[in-house]
Amino acid sequence: MNPIAARLRSRYATVALMAIGLTMLLISFIRLQPHASNYRVDLTNRLVGACLQQDGVSPYFYHWKEGDPVQHYDFLQVDTVVSNMTASPFFHRLLQPVCRLPFNEVAAGWFYLQYLLVLAMLALFFYQTRDWLLLSLACFIVGVFTWSHWWNMNTMLGQYYLLFPFLGLMATVGLMSNDRWWQWVGLMGCAVFILMRPTAVIWVVFLLLAQPHFWKRFTAVTLLLILGMAVSASFEQVVPLWADYFHSLSLHADLILRYGGRQIVHAAGPEPAWLSVISDALSVEIERNESSNLVRLLFAVAPAFANKIFPFSLFVILTAAVLWRLFRYRHAMMPMQIILCGAVLYLLSDFFSTVFRNGYFGIQWLGPLFIGLWVAQSQQRKWFWYCLAPALL
């Protein structure tokens, strides 16, 4: 085949793949948009937590009782020592400007935000690569993701897990840029990522290791973290609130172990009809998955090892092995390969965690897949990497 024909064929394949991905994204939006204002149980949980925190009440051990403000009521509150609030104080702070607005308006805004986030991720991806073929593959991956059960659960339950790969990509693009302002965007992305999800420190540390001036940037992120924690609540609330948050996560893990790896929710009222299926015609299933982490597997095959220490020890060993290989072959690795190691370890930390992990956690794999495509851009066997990323789906 002559070079001109090969170039035209490659161009047609790129356009076709991009068109398929964007069409799947559009159909997903059209399919779910009629339910944009529907009740979202997990979004309600976050908004109630924001209202409580705004009123000076720690949401992590609060239990609604008759006579309390209705804004403090969550249908799925648990009747255990710890409440069912698991979002960080910083995220509750971000929601406070909208937490008392009509719920259908907030729910609709949250729904549209999910699609804006994936478009923003594609824009960040193209800004970094400037490669149309890679962009078409990224569009195809996004299109497939928006037809997945992960996407349905994340979107229709009102979860916030799509924010995490977006923040990870924003931090990566910012710190990989030579532009000073983009670098500050990357540093702020690192801090916000950790403040919203503390395990993101794994991704961020590997991201900083892949950059020059590690300690300088590490110090900047640390200072931004301190600032972020300080603005999460009033001065007298900051330390007790963050202490409650981390203590509640530990208690949640204890409850999961007590109930054999299952999530136990004691509702304060009857189960609503929307919890299982939103629309039979559209088949928009939002039934919750069973936890798919290592602890649940250990309860089935080796109950003696189903505890906090064993999975954590395995993850520490895995991380130490990756770090050892990284420092031994660091000069032979590209920065994006180091970042990819951190992004994948961050996702694997969910599997080794004792805390319940639901199906919508899978939406976070968009981040490592995009970074994998970045790695592919500099590899000699490009098509191996190009085929690997969609195959992971």
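Because the structure is a prediction, the values reported are computed rather than measured. (Residues numbered from 1 in each chain as written. Predicted model: local features only at pLDDT ≥ 70, side-chain atom pairs only at ≥ 80, totals over all residues. Heavy atoms only, no water.)

*Asks:* Talk me through the overall build of the protein; I want residue IDs and the actual numbers.
*Replies:* Along its length, the protein carries 16 helices and zero strands. Taken across its 393 residues, the protein has 50% of its residues classed as buried. Put simply, of all contacts in the protein between residues at least 6 apart along the chain, 78% involve residues at least 24 apart. For the protein, the accessible surface area stands at approximately 18700 Å², while carbon and sulfur atoms represent 67% of it. (Helix = DSSP H or I, 4+ residues; strand = E, 2+ residues; numbered from the N terminus. Buried < 20%, exposed > 50% of the residue type's maximum accessible area, 1.4 Å probe, protein only. Contact = heavy atoms within 4.5 Å. Areas by Shrake-Rupley, 256 points an atom, 1.4 Å probe, with all protein chains shown as cover.)

*Asks:* Tell me about the pattern of salt bridges, and name the residues and values.
*Replies:* A full pass over the atoms with the stated rule returns three salt bridges. The closest approach of N and O atoms between Arg100 and Asp55, which form a salt bridge, is 2.7 Å. Here the residue Arg100 occupies a position in the loop between helix 3 (89–95) and helix 4 (103–129), and Asp55 occupies one in the loop between helix 2 (41–54) and helix 3, the gap between them amounting to 45 residues. By relative accessible area, Asp55 is classed as partly exposed at 40%. Salt-bridge contacts for Asp350 lead to Arg197; the nearest nitrogen and oxygen are separated by 2.6 Å. (Salt bridge = Lys/Arg side-chain N within 4 Å of Asp/Glu carboxyl O.)

*Asks:* If you had to explain the state of the cysteines to someone new, which residues and values would you point to?
*Replies:* A full pass over the atoms with the stated rule returns zero disulfides. Of the cysteine sulfurs around Cys51, a residue in no disulfide, the closest is that of Cys99, at 3.5 Å. (Disulfide = S-S within 2.5 Å.)

*Asks:* Which residues make up the packing of helix 7 (residues 163–176) against helix 14 (residues 335–351), and what values do they have?
*Replies:* Closest axis-to-axis distance for the helix 7/helix 14 pair is 12 Å, and the angle between their directions is 160 degrees. Between helix 7 and helix 14, the angle falls in the class roughly antiparallel. Classified by chirality, the crossing of helix 14 by helix 7 is right-handed. Residues Phe164, Thr172 and Met176 of helix 7 pack against Pro335, Met336, Ile339 and Tyr346 of helix 14. Looking at the contact of helix 7 with helix 14 residue by residue, the class counts come to six nonpolar, one polar and no charged. (Axes fitted to C-alpha atoms, helices over the stretch in contact; angles between N-to-C directions. Parallel < 35°, antiparallel > 145°, perpendicular 65-115°, else oblique. Left-handed = near helix turned anticlockwise from the far one by under 90°. Nonpolar A, V, L, I, M, F, W, Y, C, P; charged D, E, K, R; others polar.)

*Asks:* Let's hear about helix 14: which residues, and what values?
*Replies:* An ideal rise of 1.5 Å per residue puts 24 Å on 17 residues; helix 14 measures up with 25 Å between its terminal C-alpha atoms. Buried within helix 14 are the following residues: Met336, Ile338, Ile339, Leu340, Gly342, Ala343, Leu345, Tyr346, Leu347, Ser349 and Asp350. (Expected span 1.5 Å × (residues − 1).)

*Asks:* Explain a nonpolar patch on the surface to me, using residue names and the numbers behind them.
*Replies:* A contiguous nonpolar surface patch, about 380 Å² in accessible area, is contributed by Trp181, Trp184 and Met188. Mapped onto the elements of the fold, Met188 is located in helix 8 (residues 180–196). Residue Met188 is classed as partly exposed on the basis of its relative accessible area of 42%. (Patch = residues over 30% accessible without salt bridge, like charges linked within 9 Å, V, L, I, M, F, W, Y side chains within 5 Å.)

*Asks:* How would you sum up the side chain of Asn154? Please name residues and give values.
*Replies:* Relative to the elements of secondary structure, Asn154 occurs in helix 6 (residues 149–156). For Asn154, a relative accessible area of 0% corresponds to the buried category. Only 3.2 Å separates the side chain of Asn154 from the backbone nitrogen of Tyr161, close enough to count as a polar contact. With sequence-adjacent residues up to four places away left out, Asn154 is seen in contact with Gln114, Gln159, Tyr160, Tyr161, Leu162, Tyr360 and Ile363. (Polar contact = N/O pair within 3.5 Å; in protein donor to acceptor, adjacent residues only side chain to side chain.)

*Asks:* So what's going on with unusual backbone geometry? Residues and values would help.
*Replies:* For Arg130, which is not glycine, the phi dihedral falls at a positive 55 degrees. By secondary structure assignment, the location of Arg130 is in the loop between helix 4 and helix 5 (132–145). On the accessibility criterion, Arg130 (54% relative accessible area) is exposed. Unlike most non-glycine residues, His213 shows phi in positive territory, near 60 degrees.

*Asks:* So what about the side chain of Asp350? Which residues, and what values?
*Replies:* With respect to the element layout, Asp350 can be found in helix 14. Side-chain polar atoms of Asp350 contact the side chain of Arg197, separated by 2.6 Å.

*Asks:* Tell me about the nonpolar core, residues and numbers included.
*Replies:* In this structure, Tyr160, Phe370 and Ile371 are the most contacted members of the largest nonpolar core, which totals 107 residues. Among all residues touching Phe370, those that are not within four sequence positions of it are Met121, Leu122, Phe125, Ala138, Val142 and Leu169. (Core = buried A, V, L, I, M, F, W, Y, C linked by side-chain atoms within 4.5 Å.)

*Asks:* Would you mind going over the packing of aromatic side chains in detail, with residue names and values included?
*Replies:* Here a ring pair, both rings aromatic, is described through the centre-centre distance and the interplanar angle of the planes. Tallying each qualifying case throughout the model produces 33 aromatic pairs. Chaining the aromatic ring pairs together yields one cluster made of Phe91, Trp110, Tyr160, Tyr161, Phe164, Phe193, Trp203, Tyr346, Tyr360 and Phe361. The positively charged end of Arg46 is found above the aromatic ring belonging to Tyr160, 4.5 Å away from the centroid. (Phe/Tyr/Trp six-rings, centres within 6.5 Å; stacked < 30°, edge-to-face > 60°. Lys NZ or Arg CZ within 6 Å of the ring centre and 35° of its normal.)

*Asks:* Go over the confidence of the model for the protein, please, and point to the residues and values.
*Replies:* In this model, the protein carries a mean pLDDT of 81, and residues with pLDDT of at least 70 account for 84%. The secondary structure element of the protein with the lowest average pLDDT is helix 16 (residues 382–391), at 50, and the one with the highest is helix 3, at 95. Below a pLDDT of 50 lies the segment residues 4–8, which in the model reaches one contact outside its immediate sequence neighbourhood of four places, other chains included. In this model, residues 265–289 is a region of pLDDT below 50 whose contacts with residues beyond four sequence positions or in other chains number 59 contacts. (pLDDT = per-residue confidence, 0-100.)

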